[in-house]
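Below are the chains, spelled out letter by letter.
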There are 2 protein chains.
Amino acid sequence: MFNQAKNQNPHHVVIVGGGFGGLYAAQALKKAPVKVTLIDKRNFHLFQPLLYQVATGELSPADISSPLRGVLSDQKNAQVLMGEVIGVDPQQQTLKLQNTELSYDTLIVATGVSHHYFGNDQWAKKAPGLKTIEDAMEMRRRILLAFEAAEKEPDPEKRRAWLTFVLVGGGPTGVELAGALAELAYNTLKSDFRHINTSETKILLLEGMDRILPPYPPQLSAKAQSSLERLGVTVQTGTLVTTIEDEQVTIRRGEQIEQISAKTILWAAGMKASAMGEALARSTGAQLDRVGRVIVNQDLSVGGYSNIFVIGDLANFPHQYKNGQPLPGVAPVAMQEGLYVANLIRKRLKGETLPPFHYRDYGNLAVIGRNSAVVDLGFVKFSGFLAWLAWIFVHIFFLIEFDNKLVVMIQWAWNYFTRKRGARLITNPVAWLSMGIEEERDSRTPIKV
Amino acid sequence: MFNQAKNQNPHHVVIVGGGFGGLYAAQALKKAPVKVTLIDKRNFHLFQPLLYQVATGELSPADISSPLRGVLSDQKNAQVLMGEVIGVDPQQQTLKLQNTELSYDTLIVATGVSHHYFGNDQWAKKAPGLKTIEDAMEMRRRILLAFEAAEKEPDPEKRRAWLTFVLVGGGPTGVELAGALAELAYNTLKSDFRHINTSETKILLLEGMDRILPPYPPQLSAKAQSSLERLGVTVQTGTLVTTIEDEQVTIRRGEQIEQISAKTILWAAGMKASAMGEALARSTGAQLDRVGRVIVNQDLSVGGYSNIFVIGDLANFPHQYKNGQPLPGVAPVAMQEGLYVANLIRKRLKGETLPPFHYRDYGNLAVIGRNSAVVDLGFVKFSGFLAWLAWIFVHIFFLIEFDNKLVVMIQWAWNYFTRKRGARLITNPVAWLSMGIEEERDSRTPIKV
């Protein structure tokens, strides 16, 4: 079936999701004798590893986004469709979109994950997560408004609450966010206010496991923690959040219960597979894991369908464990999976096949503040300034478009030498101005989760 | 009264509005023996002349915004207050803010204007204007989504309506927007779509007067019009909009009535003074003009209050006419007024005075597309590529912060040589995806006017 094009049309590869996995698969099919349709809800590819820099005012949304149509405009066998997939019929080989249907020969699903509140969805409004540009702008708004509110607040206790930031989750996002927030509070904003001292800002990074950056080797976790502490971040490991109220976080550390007054709570923990996982499970009988990711076959196909693939964060690839876990939800895994599936499709069209997918781990990177990072390349682990340069190089290198690389490089150089941040604007401030911020924060449009 | 500081505090200058007028006044008071408080609803200064480039995806919001606190952080005698002024008491010399009061010795009001629909406020949702960053993002969203919708639209007539853009108002904003839109449709997006030909896009620029750019000399208006037409824009002068319906604009040209089917209507006509004008009129007895601007004295003070000034777009300065009109609402006027009032305050504190304000007109600039502009320096008028370079130079020069200058220069150079635009992302796409875009466009949050 796979090899037989319906009528005379070329083999139609439909890719759902324009993240790292989907976009790399589409681009790798450039010279293949196929027609590629890339479907995404958004019109741009997002470089998610730098989203925290948008949230902290270092970069603008456009700096880390590339219009999908622009990226693929020269790829004649590819078209982009802005739309949302709501169902799959594997028998008919059709996708159901909102007002239309689309048939495919091969389907690649790469719709990723969103953040997740472990069954406490009411926390979403109080502790926004960081997956989309809108999330990042909402975080930026809350962070900057907190300093504005503190500046106006005469009551010392309330002022302290405005200057307390709680970050839940000590993975790469939480660590990088904490470092950037420390830079912002202790350097960038230092001389901007007249009634508060931003060096009194308290930044708390909470992690449930016994160390931050749990997927990294323990010595790098320790380095990262000491770098953060040098920057002024308070790191609390082995700490669980039990409730989040409007201005109060309750945490548990072993037997110890503690209340923290904080007006700004940011979520960098937990994830949940996108709804496409369930749609696939229903229609193909594929298994889902506990967070809703699709458990894929050795060649990344799902269930009994050799022409349906799941790649990227949405895939749970259980055939190659890393530290007892399935492959992590990071960009390099998604890219390699996208390339593998593209290759497999080309091979199959020639009647050939490929050995099972195998992830080649080139290492891990996380940045901590202005000139420190941790790098784990497997054969070598290092941290500090050199690691920071490596981090910069890799992140610039993988920005999809050249103009992004250039602008981001300049923004970073500028931020580095001046400790300024150009992108500190608060947009959509709504009616917070009336100082009755607490009430209004909750009545705003809920954060999209 | 003016010269006597209350108790031992320094003379307190309160400036409302951080646009060109307010910010220049604040900066010019750097070494004066005064305390400056700059109040703004937003936390950033906006370089409004480039807002249309944000609306058309050439620049990011942060590129044309400078955080007010950052700009003034080294000016020790200045503080920034993010807040909204709702009233003035000239007798008590106090300003009423939402939850607090503030007393002043000298008050400078520079709150500007917003766009205006000539009594047709219901048009605001259908034809958004361009005054704020949020306006620009909304315009960008509508423009880019129109092409996305056209790409999916099977009906040729509806597709044509998606590809028709009507711009109301042939002033500098309308002209620059039309030029940028033509570049976008006919160049940038040319190879991005597979089912539409973006060169079929129709861009209509409507102007009620008998020529576009009415404040400019007639020969430059003619040049601008022919440049626009060369780019593919249809210019209709002497044309009034009589109704705007969801997908239909009715226009009148003399006796002739015409209906245009267009899904995207952009507003670049009409303005209305901000509410501070009325508040001042109520409390000081100052006269307002027909659009609500405050008619100021020769030294920019209002009514009988020598310590209350109105500057910038909100001021109607009737003592120096230009082409039979009061001074235009452009950045150079606001800047010179800001500097004048700052100077006057310094002089007065020394017991001296200044001759009345006189605007020195260095000329007008407007850009048309990728490499053409019109320049009127009074003693010389020119257009074309050289004018375009002059326009670029002036706009880069007046960007407040150096990092903005650098990034904007690179973005422009990049856009110029590649005709690409990095900032083409659609944010907040809401539920438009269901193709029932027409209905949902109207149920969205109304545009802030």
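All values derive from a computational prediction rather than experimental measurement.

Residues and elements named next belong to chain A. Domain boundaries assigned for chain A yield domain 1 (11-41 + 83-115 + 272-349) and domain 2 (123-269 + 364-443). Centre-to-centre separation of domain 1 and domain 2, based on C-alpha positions: 32 Å. At the interface, 4 residues of domain 1 touch 4 residues of domain 2. Grouping the constituent residues of the side of domain 1 that touches domain 2 by class yields 1 nonpolar, 3 polar and no charged.

Turning next to the relation of the copies chain A and chain B. Relative to chain B, chain A is turned by 180 degrees and slid 0.0 Å along the rotation axis, the superposed coordinates differing by an RMSD of 0.0 Å. Taken together, the rotation and translation describe the operation of a two-fold axis. Both copies contact each other with a shared surface, as 100% of the interface residues of chain A are interface residues in chain B too.

All names here are of chain A. For the pair helix 1 (residues 20-28) and helix 10 (residues 331-349), the least separation of the axes is 7 Å and the interaxial angle reads 35 degrees. Here helix 1 and helix 10 pass one another in a crossing that is right-handed. Taking contact as the criterion, the partners of Phe20, Gly21, Gly22, Tyr24, Ala25 and Ala28 in helix 1 are, on helix 10, Ala331, Ala334, Met335, Glu337, Gly338, Leu339, Val341, Ala342 and Asn343. Tallied by class, the residues present in the contact of helix 1 with helix 10 amount to 10 nonpolar, 4 polar and 1 charged.

A word on the interface of chain A and chain B. With 47 residues of chain A at the contact, the number on the chain B side is 47 residues. At the level of secondary structure, the elements contributing two or more residues to the side of chain A that touches chain B comprise strand 4 (65-67), helix 3 (68-71), strand 5 (78-82), helix 5 (133-152) and helix 12 (402-418) of chain A. For the side of chain A that touches chain B, the element with the highest residue contribution is helix 12 of chain A, accounting for 7 residues. Each residue belonging to the side of chain A that touches chain B can be placed in one class, and the counts come to 18 nonpolar, 16 polar and 13 charged.

Analysis parameters
- Residues numbered from 1 in each chain as written.
- Chains lettered and ligands numbered in written order.
- Predicted model: local features only at pLDDT ≥ 70, side-chain atom pairs only at ≥ 80, totals over all residues.
- Domains from an automatic or database assignment.
- Contact = placed C-beta atoms within 7 Å.
- Nonpolar A, V, L, I, M, F, W, Y, C, P; charged D, E, K, R; others polar.
- Least-squares fit on C-alpha atoms with pLDDT ≥ 70 in both.
- Axes fitted to C-alpha atoms, helices over the stretch in contact; angles between N-to-C directions.
- Helix = DSSP H or I, 4+ residues; strand = E, 2+ residues; numbered from the N terminus.
- Left-handed = near helix turned anticlockwise from the far one by under 90°.

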